[in-house]
Amino acid sequence: MSETDKVIATLKRVLDPETSVDIVTERMVYGYTANELVTEIWMSFMSSTPVCSFCKAIAWSLIDKISDRIVEELQRKGYRNVRVVDALNPKIYYRST
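Residues numbered from 1 in each chain as written. Predicted model: local features only at pLDDT ≥ 70, side-chain atom pairs only at ≥ 80, totals over all residues. Heavy atoms only, no water.

Asks: Any chance you could explain the nonpolar core here in plain terms?
Replies: Looking at soluble globular proteins, one finds that nonpolar side chains tend to be buried together. Counting 18 residues, the largest nonpolar core has L11, I23, I41, M43, I66 and I70 as its most contacted members. Mapped onto this core, the elements with two or more residues apiece are α1 (3-11), β2 (39-43), α2 (53-76) and β3 (82-86). If one sorts the elements of this core by residue count, α2 sits on top with five residues. When neighbours within four sequence positions are excluded, L11 is seen to be in contact with I23, V24, V29, I41, I70 and L74. (Core = buried A, V, L, I, M, F, W, Y, C linked by side-chain atoms within 4.5 Å. Buried < 20%, exposed > 50% of the residue type's maximum accessible area, 1.4 Å probe, protein only. Helix = DSSP H or I, 4+ residues; strand = E, 2+ residues; numbered from the N terminus. Contact = heavy atoms within 4.5 Å.)

Asks: Just to check I follow, could you spell out the environment of T4 for this structure?
Replies: If you trace the backbone, T4 turns up in helix α1. T4 gets classed as partly exposed once you look at its relative accessible area, which sits at 41%. In this structure the C-alpha to C-alpha distance between T4 and Y32, which are 28 residues apart in sequence, comes to 8.9 Å. A polar atom in the side chain of T4 sits 3.0 Å from the side chain of Y32. (Polar contact = N/O pair within 3.5 Å; in protein donor to acceptor, adjacent residues only side chain to side chain.)

Asks: Is there a simple way to explain unusual backbone geometry in this structure?
Replies: Most peptide bonds are trans, and most residues other than glycine sit at a negative phi. Positive phi is not limited to glycine here, since S20 has a value of about 60°. Mapped onto the elements, S20 comes out in the loop between α1 and β1 (29-34). Of the residues examined, S20 reaches a relative accessible area of 55% and is grouped as exposed. For N81, which is not glycine, the phi torsion reads 50° and is therefore positive. Note that N81 resides in the loop between α2 and β3.

Asks: Is there a simple way to think about the side chain of D86 in this case?
Replies: Tracing the backbone through its elements, the reader meets D86 in strand β3. A polar side-chain atom of D86 sits 2.7 Å from the main-chain amide nitrogen of L88. Ignoring anything within four residues of it in the chain, the contact list for D86 reads W42, M43, I92 and Y94.

Asks: Explanation requested: the packing of aromatic side chains in the structure shown.
Replies: Tallying each qualifying case throughout the model produces one aromatic pair. Where W60 meets Y94, the ring centres are 5.8 Å apart and the plane angle is 50°; that geometry is what we call tilted. Here W60, found in helix α2, pairs with Y94, found in strand β4 (residues 93-96); they are 34 residues apart in sequence, far enough to count as distant. (Phe/Tyr/Trp six-rings, centres within 6.5 Å; stacked < 30°, edge-to-face > 60°.)

Asks: Whenever I open this one, the pairing of β2 confuses me. Can you help?
Replies: For a regular strand, side chains alternate in direction, first toward one face of the sheet and then toward the other. Across the five residues that make up β2, a large majority, four, are buried. Where β1 folds back on β2, the antiparallel hairpin that results is connected by four residues. Both β2 and β3 contribute to a ladder of five bridges, which runs parallel. When the bridges of β3 are listed, I41 appears paired with V84. (Pairing = 2+ DSSP bridges.)

Shape descriptors only; they carry no functional weight alone.
Right under this line is the structure:
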């Protein structure tokens, strides 16, 4: 299994808690980089982030849950220094270990 296949298969184990569909199928994963120093998962939560302020608070809760699961699953597969990064603004890290 190639490195790409391994990362994608691992990310497919992470489900959106709202829809129970994996984040790869939902097209939330924009891309990734993995090397011996760091693994970065580039995410786009734009389509799942609503406009109203109260809804955004709920959306942040979901983003936290998804980000935690990404880190958990990748670490389980042996990846270290995992970062979940905003695809549109790489200065924003949702999670970093």
